Amino acid sequence: MSIEAFTTDPMPAEEISKLTGMANVIRALSMDAVQRANSGHPGMPMGMADVATVLFSKFLKIDPAAPAWPDRDRFIMSGGHGSMLQYALSHLVGYKAMTMDEIKNFRQLHAKTPGHPEIDHDIGVEMTTGPLGQGLATSIGFALAERILNARFGNALVDHHTYVMCGDGDLMEGISHEAASLAGHLKLSKLIVLYDDNNISIDGSTDLSFSENTLLRFQSYGWAVDTIDGHDFKQIEGAIEIAKSNNLPTLIACKTHIGFGSPNKQDTSSAHGSPLGDEEIAATKKALGIDYPAFEVPAEILQDWRDSMDKNKEAHAQWHARFEASPDQMTFVDTISNACLDNVSETIDDIKKQAANEPTKIATRKASGNVVDQLVDILPNLIGGSADLTGSVNTYKKGNPILSKDNYNGQYIHYGVREHGMACAMNGLALHGSFIPYAGTFLSFSDYSRPAIRLGALMKQRVIHVMTHDSIGLGEDGPTHQPVEHLASLRAMPNLYVFRPCDQTETAECWEMAVNIDDAPSILSLTRQGLEPQRTTYVEDNLSALGAYILDDCDGEPDITLFATGSEVEIAAAAKAELDAQGKKVRLVSCPCLELFWDQEGEYIQSLICNNSRKIAIEAGVRQGWDRIIGGHGTFIGMSGFGDSAPAPELYKYFGITIEAVIEAALK
């Protein structure tokens, strides 16, 4: 089907007039709010107002009275700087929380209208955007989630689209390649991207830095593509109608004018990120025929917007009737509420009992694989994957169905070598609802994933990043692959839990915490090399939930306290045994998650770190962050620079992370 089939008959003048009025009120609110705040980006909302008007009034399936309706369409403003477009739309279509006072408080403290959209279902904001490319890439996860749920429950309960608005900047970012390539490979046909093709960037014309053929690029990924006049309502409607019928993801290049209607700033970079100014706003309103005061919406136009939602209310009612009649009703409710988590504690307990009964030397990446093998059987909402490292990161249970373009009812995704895209997609799976995503790569490659990890932390999303080969202990692959600063760097990120377990039992406990922490992402930092078991006696309580705990104590107050994580716990344990034999009073504290430790009550924290003992921390990473525990005069045994290429035992000896080094520091 071609766009010409939809544009042969002209749109009636009356309808054009109505849509123009509906679009112009978006422009007016955007100009006025940015001017009032003396900060913001009016150009994009003014340029994409016509596209947004058609999308929201004719296609987007949402019910502002029920913002969390599971089968609603998802709208993502990838170019988050154009936030006033979304806020204006949220007010116009009737989200109660988006009042005119909120519009007036644009970019003010604690308003629902921050500079860039922040996840808030009450106003129709599905995710936090701003860093360019993140919204577009995260939309892959949204579209994937819809396909998975559709495969499980059918069209009656799950049949919705994900719409994205993006700009030139989103498509310049490298993440757009990873995401678009994956979406094309998986044939995510419910994904429709509306590209604001206005040829303007902050520095000026996009000709300065951006000359590729975007449509051919996306075609090569396996997308359907189209190009339209972004100010022609008939073309916009026709293009979206075609996109909905495609069996591929669709990119629609909407040729628009940034700052549309502004006599002196349209099609210039000055319209992008600064208020237009009172005089230019007055001239723009005159040119567009806007004759109503600032922050006022004519009753007739507001009614047109509210009436456009009537079809969605009916669609919601019809969906609810199907839901009530569905034999899958309870399963669907359990799925979207993650009710299956009730079984996790018992499963973890069984793993801990077996680990105590059959203590075995094991790499924590393999210990993690043992946990995954059990969890995927009881958690159908656990969606796994890896960045082309499945055999190394142990994230796949043999026989588990693979998710592909031919089978969306899978539980494991081959993301390919796309660490950043993988992390973004996991954020989208979590944001959509119903799923707990996890996927693996090497810890050194967390740098590729970091922007998405940070955004997941900011959005408080439960995403589990399995990061293996977590130190010089990986050996011969050398310093490019040996993480040194990564643990400290990730621990510095707010609302991110970094787990580094020392054996099978701690690994199981850390997985239990990661699955149950529903308002933050987690990192599981795991070893390549085998580690001796440390927890050889079964304890029902999840000791790792304390973040740090006494693994092996002395009689009375300690003279020496050893703090260690992961692969260095066995070194600390061996050193303690030697020091015990010399009559020293040594306490060994395992620290699988420092963030959880600092979450504990002050009295517990003081019980471990506020004493007169000599404090020594052992970790095969940099010192940064440890002084809070051991103090500036405490001893740190770890790394102070990059690693090297050699077998792991030689590297530990060369860099001085040894039993002998711990004993020497303790006795000094």
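A brief look at the structure comes next. Predicted model, so just to flag it, every value in this text is computed and none were measured.

Definitions and limits used
- Residues numbered from 1 in each chain as written.
- Predicted model: local features only at pLDDT ≥ 70, side-chain atom pairs only at ≥ 80, totals over all residues.
- Heavy atoms only, no water.
- Phe/Tyr/Trp six-rings, centres within 6.5 Å; stacked < 30°, edge-to-face > 60°.
- Buried < 20%, exposed > 50% of the residue type's maximum accessible area, 1.4 Å probe, protein only.
- Helix = DSSP H or I, 4+ residues; strand = E, 2+ residues; numbered from the N terminus.
- Arc of directions from axis to C-beta.
- Contact = heavy atoms within 4.5 Å.
- Polar contact = N/O pair within 3.5 Å; in protein donor to acceptor, adjacent residues only side chain to side chain.
- 1 Å grid on protein atoms, 1.4 Å probe; cavity = no way out; pocket = protein on both sides within 12 Å on 5 of 7 lines; lining within 4 Å.
- Points joined across faces, edges and corners; volume = space filled by probe spheres on them.
- Nonpolar A, V, L, I, M, F, W, Y, C, P; charged D, E, K, R; others polar.

## Examining the packing of aromatic side chains
Part 1 of the reasoning: For the structure shown, the criterion picks out 16 aromatic pairs.
Part 2 of the reasoning: With 5.9 Å between their ring centres and 40 degrees between their planes, Phe445 and Tyr448 make a pair best called tilted.
Part 3 of the reasoning: Clustering of aromatic rings is evident, with ring pairs tying together Trp69, Phe153, Trp319, Phe323 and Phe332.

## Focus on helix H9 (residues 214–221)
Part 1 of the reasoning: When we look at burial in H9, the residues that qualify are Thr214, Arg217, Phe218 and Tyr221. With its buried residues spanning 90 degrees around the axis, H9 presents them on a single face. In this structure, H9 carries Leu216 and Ser220 as exposed residues pointing more than 90 degrees from its buried face.
Part 2 of the reasoning: Buried-residue contacts for H9 involve helix H7 (168–172), helix H8 (175–186), strand E3 (191–197), strand E6 (224–229) and strand E7 (250–255).
Part 3 of the reasoning: The N-cap residue of H9 is Asn213: its side-chain oxygen and the backbone nitrogen of Leu215 are 3.3 Å apart.
Part 4 of the reasoning: Of the residues trailing H9, Gly222 is marked for its positive phi of about 100 degrees.

## Observations regarding the side chain of Lys576
Part 1 of the reasoning: Turning to its location among the elements, Lys576 is positioned in helix H22 (residues 569–581).
Part 2 of the reasoning: Within the local environment of Lys576, its side chain forms a polar contact with the backbone oxygen of Val586, the two atoms lying 2.6 Å apart.
Part 3 of the reasoning: Setting aside anything within four residues of it in sequence, one finds Lys576 in contact with Asp552, Asp553, Leu562, Val586 and Leu588.

## Brief notes about the layout of surface pockets
In this approach the atoms are scanned with a rolling probe the size of a water molecule, which exposes any empty space left behind.
Part 1 of the reasoning: When its volume is computed, the largest pocket comes out at roughly 400 Å³.
Part 2 of the reasoning: Lining the largest pocket are 24 residues, and of these Ala430, Leu431, His432, Gly433 and Ser434 lie nearest its centre.
Part 3 of the reasoning: It is helix H18 (residues 419–432) that contributes the most residues to the lining of the largest pocket, three residues altogether.
Part 4 of the reasoning: Split by residue class, the lining of the largest pocket holds twelve nonpolar, seven polar and five charged.

Coordinates in, geometry out; function isn't part of it.
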